[in-house]
Amino acid sequence: MLKLITIIGARPQIIKSAAISRAIKNHFQSDIEEYIIHTGQHYDENMSEVFFEEMEIPKPYINLQIGSGSHAQQTAGMMNALEKHLQEIQADALLIYGDTNSTIAAALTCSKIGIPVIHVEAGLRSFNKSMPEEINRILSDHVSTLLFCPTQTAVENLKKEGFDLNIKYPSNIDNPSVYHCGDIMYDNSMFFSQKAMEQSSILQKLQLNSDEFILATIHRNNNTDINERLVSIVEIFLHLVETYSYKIVFPIHPRTQKNFSENLPKELWNKFSTHPKIICIPPAGFLDMIQLERNAKYIVTDSGGVQKESYFFKKPCFILRSETEWVEIVTNGNAVVCDVNKDLFFNSFQYFEKNQNLTYPPFFGDGKAADFIVQEIVKQLKKC
Ligand code: UD1
Ligand code: UDP
């Protein structure tokens, strides 16, 4: 049996891990023993526990309970706590997802003690190093042994950084292997879509009909921590509901909740939070979230995951950032990078109101990325 440690910590990683754990359970139970380590980066019930229940994610081996803090505090705390468990488990490899502080903490800790690192969602780049995530993902890629890229663009990014694209067996940190495998979140969205339809009652609870609302999420530090940007976003939302018939459903990330209530001018916050057409709700579970995505008319977001899900569920998307890692959905005309520019946002809005004939080529694979990833992990580690 191969021992594989999976590191999770932030909400999107917990959600992503469901796809790999499901693939192990369904097809590779006799090959891999998975040890999930939760760093505790996210800890509220609706940012963590809810996903374990509804997505049937195995209970973590340990929760390091690191919690919130500055980048250095959080990353160092995770590294320190993780090292001890690595010695206990004696793992064959460690799997990390995405680009958070949990990702980089695990990548650095493991690569330095010679445990091969497997990076799922490798190769993504915003080319904006003022994003903490860009630093996390570049460094994680460069200490990884197996790099699983969700898109062709991600593969090309790695090639430009000097990665050799010829797959080797067995790989090591000096001779890493790069794979184009599709997106495990496409697997998850398709897998849970039917379940969401059957089990989620969010539309009834919020008294919403399909297509009468816009789903919005905001949590990037660049939006929540800069007051002028926060104000621009709120003004866009208010103008939207006052000009068009749509309502806005806004599941609020705890970081956003804190900054909205503490830093927005009081009058604006009151107007926003009590507006009859703006429905603020706590962070949603995954089934409720994809039910909202499937039934929304449009999606407005700065989230990486939600951008992709807008594409999976064929909803035009307004990206409130100055760039995106998911460039395919923009170049294909399914999403617009609006930043927090009101004119750009409303010009794009008018465009999508008139143009509903969008195409959705399969940029994110066939829904079987997780099976492919686990199969390659087994193949690689058995040859090591
Ligand atoms: C983190 C990731 C980001 C990812 C996001 C997903 C980093 C650098 N950032 O951002 O890439 O897109 O997760 O959601 O790793 N908080 C709570 N309860 C929680 C979690 C957080 O109240 O369960 C509050 C705390 O005030 C905390 C703040 O949110 O200080 C930010 O949390 P943190 O995990 O540091 O960063 P995120 O903004 O969530
Ligand atoms: N998500 C969720 N509930 C919410 C908001 C998001 O379940 O209230 C899910 C969303 O469907 C996606 C993932 O969380 O699968 C994206 O995580 P997030 O936006 O926190 O981070 P990012 O993807 O930007 O790193």
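Residues numbered from 1 in each chain as written. Chains lettered and ligands numbered in written order. Predicted model: local features only at pLDDT ≥ 70, side-chain atom pairs only at ≥ 80, totals over all residues. Heavy atoms only, no water.

Peer 1: Break down the site of ligand 2 for me, with residues and values.
Peer 2: Within the structure, ligand 2 sits among 19 residues, and Arg220, Ala284, Ser303, Gly305 and Glu309 are positioned closest to it. Measuring from an oxygen atom of ligand 2, one finds a side-chain N or O atom of arginine 11 at 3.0 Å. The separation between an oxygen atom of ligand 2 and a polar side-chain atom of glutamate 309 is 2.5 Å. For ligand 2, whose accessible area on its own is 540 Å², the fraction buried by protein is 95%. Going through the elements one at a time, helix H1 (11-27), helix H13 (286-295) and helix H14 (304-312) are the ones with two or more residues in the shell around ligand 2. Of the residues in the shell around ligand 2, the class split is 10 nonpolar, 5 polar and 4 charged. (Near = heavy atom within 4 Å. Polar contact = N/O pair within 3.5 Å; in protein donor to acceptor, adjacent residues only side chain to side chain. Areas by Shrake-Rupley, 256 points an atom, 1.4 Å probe, with all protein chains shown as cover. Helix = DSSP H or I, 4+ residues; strand = E, 2+ residues; numbered from the N terminus. Nonpolar A, V, L, I, M, F, W, Y, C, P; charged D, E, K, R; others polar.)

Peer 1: Run through the side chain of glutamate 121, naming residues and quoting values.
Peer 2: Relative to the helices and strands, glutamate 121 resides in the loop between strand S5 (117-120) and helix H5 (132-142). One polar contact links glutamate 121 to lysine 16, side chain to side chain, over a distance of 3.1 Å. Beyond its immediate chain neighbours, meaning those up to four positions away, glutamate 121 contacts Lys16, Gly98, Phe148, Pro150, Lys308 and Trp326. (Contact = heavy atoms within 4.5 Å.)

Peer 1: With reference to specific residues and values, describe the side chain of aspartate 99.
Peer 2: Structurally, aspartate 99 is set in the loop between strand S4 (93-97) and helix H4 (101-112). The buried category is assigned to aspartate 99, whose relative accessible area is 18%. Other than its neighbours up to four places away in sequence, aspartate 99 contacts Glu133, Asn136 and Arg137. (Buried < 20%, exposed > 50% of the residue type's maximum accessible area, 1.4 Å probe, protein only.)

Peer 1: Explain unusual backbone geometry to me, using residue names and the numbers behind them.
Peer 2: With an omega of -15°, the peptide bond running from tyrosine 169 to proline 170 counts as cis. Looking at the element boundaries, proline 170 is found in the loop between helix H6 (152-160) and strand S7 (177-180). At phenylalanine 127, a residue that is not glycine, the phi angle is positive and equals roughly 60°. Summarising the element assignment, phenylalanine 127 is placed in the loop between S5 and H5. Judged by relative accessible area, which is 62%, phenylalanine 127 ranks as exposed.

Peer 1: Could you give an account of the packing of helix H7 (residues 184-199) against H13, with specific residues and numbers?
Peer 2: The geometry of a pair of packed helices is captured by two quantities: the angle between their axes and the separation between those axes. Where H7 meets H13, the axes come as close as 8 Å, and the angle between the chain directions of the two elements is 90°. Between H7 and H13, the angle falls in the class roughly perpendicular. Contacts from Met185, Asn188, Ser189, Phe192, Ser193, Lys195, Ala196, Met197 and Gln199 in H7 reach Phe286, Leu287, Ile290, Gln291 and Arg294 in H13. Taken together, the residues of the contact of H7 with H13 break down into 7 nonpolar, 5 polar and 2 charged. (Axes fitted to C-alpha atoms, helices over the stretch in contact; angles between N-to-C directions. Parallel < 35°, antiparallel > 145°, perpendicular 65-115°, else oblique.)

Peer 1: How would you sum up the sheet that holds S7? Please name residues and give values.
Peer 2: In spatial order, the strands read S3-S2-S1-S4-S5-S6-S7; together these 7 strands make up an open sheet with parallel pairing. The open sheet has two free edges, formed respectively by strand S3 (62-63) and S7, since each of these has just one partner strand. Pairing analysis gives 3 bridges linking S5 to strand S6 (residues 146-149), with the strands arranged parallel. Bridge pairing in S6 places valine 120 opposite phenylalanine 148. Strands in contact with H6 are S6 and S7; relative to S7, the strand with the most contacts, it is inclined by about 160°. (Pairing = 2+ DSSP bridges.)

Peer 1: Quick rundown of a negative patch on the surface? Include the residues and the values.
Peer 2: Taken together, the side chains of Asp44, Glu45, Glu49 and Glu53 present a region of like negative charge at the surface. Following the sequence through the fold, glutamate 45 ends up in the loop between strand S2 (32-38) and helix H2 (49-55). (Patch = residues over 30% accessible without salt bridge, like charges linked within 9 Å, V, L, I, M, F, W, Y side chains within 5 Å. Salt bridge = Lys/Arg side-chain N within 4 Å of Asp/Glu carboxyl O. Lys, Arg positive; Asp, Glu negative; His and termini not counted. Charge placed at Lys NZ, Arg CZ, Asp CG, Glu CD.)

Peer 1: Which residues make up the site of ligand 1, and what are the values?
Peer 2: Taken together, 20 residues form the shell around ligand 1, and within it His42, Asn101, Glu133, His219 and Arg255 come nearest. Here an oxygen atom of ligand 1 and a side-chain polar atom of glutamine 41 are 2.9 Å apart. With respect to ligand 1, the side chain of histidine 42 contributes an N or O atom lying 2.7 Å from an oxygen atom. Alone, ligand 1 offers 750 Å² of accessible surface; in the complex the protein occludes 87% of this. Contributing elements (two or more residues each) for the shell around ligand 1: helix H3 (71-89) and helix H11 (254-263). Here the residues of the shell around ligand 1 are counted per class, giving 5 nonpolar, 9 polar and 6 charged.

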